[in-house]
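Coordinates in review
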Amino acid sequence: MFGKIENSIRKSTEYKKFRSVLSIIFEWFYTKFFFGVLSRFERKFVKFLFVGFMNTVFSYIIYAICVTILSRPTLSLAVSYVIGILFNFQTTGRIVFKNSDNKLIVKFFLCYITTFFINRYLLDTLVVDFHVDKYLSQAILVFPIAMLSFLLLKNFVFKENKN
């Protein structure tokens, strides 16, 4: 059933326009933003960052809706985290790695759990051992953790067959 719905959405004019607009925005960011500095990175990595931004906004919206309805931040975080991972799996797989194999969800989830624990360890180290501000600590870690996440996803989850 969902396959038929997905196919009808993909064939719609609105979907094609949306994809076209996203492509134009991405191209501008990749080639022109901040004097083209992003063009020095692998194209897939920049797409990963771009999609990651979209996923972050989506997850936050889900969190905000849930916390408004449920008035329970922890439950709202859990709901937004699960929905966010599923949404992230679809967008990252399809847009960044051109792969829509749903069987990869377990590996995807394992990568995110791995980066979560590495992030948590490094965050605790910066805050507790080096007395770096908790906000600054996570800000310092965002890009390295994003790079690690990209490498894990590229080499473990969505690895390309070299036939």
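Predicted model only: the values in this text are computed from it and were never measured. (Residues numbered from 1 in each chain as written. Predicted model: local features only at pLDDT ≥ 70, side-chain atom pairs only at ≥ 80, totals over all residues. Heavy atoms only, no water.)

**Re a nonpolar patch on the surface**
This is how the line gets drawn: In this scheme, patches are assembled from residues that exceed 30% relative accessible area and form no salt bridge. Like charges are connected within 9 Å, while nonpolar side chains (Val, Leu, Ile, Met, Phe, Trp, Tyr) are connected within 5 Å. To be clear on the numbers: accessible area is Shrake-Rupley with a 1.4 Å probe, and residue cover counts the displayed protein chains and nothing else. Whenever Lys or Arg places a side-chain nitrogen within 4 Å of a carboxyl oxygen from Asp or Glu, that contact is recorded as a salt bridge. For helices the rule is a DSSP run of H or I covering at least 4 residues; for strands it is a run of E covering at least 2, with both sets numbered from the N terminus onward.
Nonpolar side chains collect at one region of the surface, where F53, V57, I61, I65, I69, L70 and L75 lie side by side and expose about 650 Å² of accessible area between them. The element that contributes the greatest number of residues to the nonpolar patch is helix α4 (residues 43-70), accounting for six residues.

**Focus on unusual backbone geometry**
Glycine aside, the phi torsion of most residues is negative, and most peptide linkages are trans. To keep it simple, the criterion reads: Here the term buried applies to any residue with accessible area under 20% of the maximum for its type, exposed to any over 50%, and partly exposed to those in between, with areas from a 1.4 Å probe on protein chains only.
A positive phi angle is found at S71, which is not glycine, with a value near 55°. Summarising the element assignment, S71 is placed in the loop between α4 and α5 (73-96). Among the residues examined, S71 registers a relative accessible area of 56% and is labelled exposed. In the Ramachandran plot, H131 falls in the positive-phi region, its phi being about 55° despite a non-glycine side chain. Note on placement: H131 falls in the loop between α6 (105-129) and α7 (134-157).

**Re the packing of aromatic side chains**
Note the cut-off: Geometry of aromatic contacts follows a simple scheme: Phe, Tyr and Trp rings, the Trp one being its six-membered ring, pair when their centres are within 6.5 Å, and the pair is stacked under 30 degrees between planes, edge-to-face over 60, tilted otherwise. Whether a charge sits over a ring depends on NZ of Lys or CZ of Arg being within 6 Å of the ring centre and within 35 degrees of the ring normal.
All told, the structure shown has 15 aromatic pairs when counted by the stated rule. Seen in terms of ring centroids, F45 and F150 are 5.2 Å apart; in terms of plane orientation they differ by 70°. Their pairing is edge-to-face. You can see F45 sitting in helix α4 and its partner F150 sitting in helix α7, a full 105 residues away along the chain. For F45, a relative accessible area of 5% puts it in the buried group. The interplanar angle of 55° and the centroid separation of 5.5 Å between the aromatic rings of F48 and F150 together place this pair among those described as tilted. Taken as a pair, F48 in helix α4 and F150 in helix α7 lie far apart in primary sequence, 102 residues in all. Taken together, the ring pairs in this structure connect F41, F45, F48, F89, F97, F108, Y112, F143, F150 and F158 into an aromatic cluster. A cation sits over an aromatic face here: K107 above F156, 5.3 Å from the ring centre.

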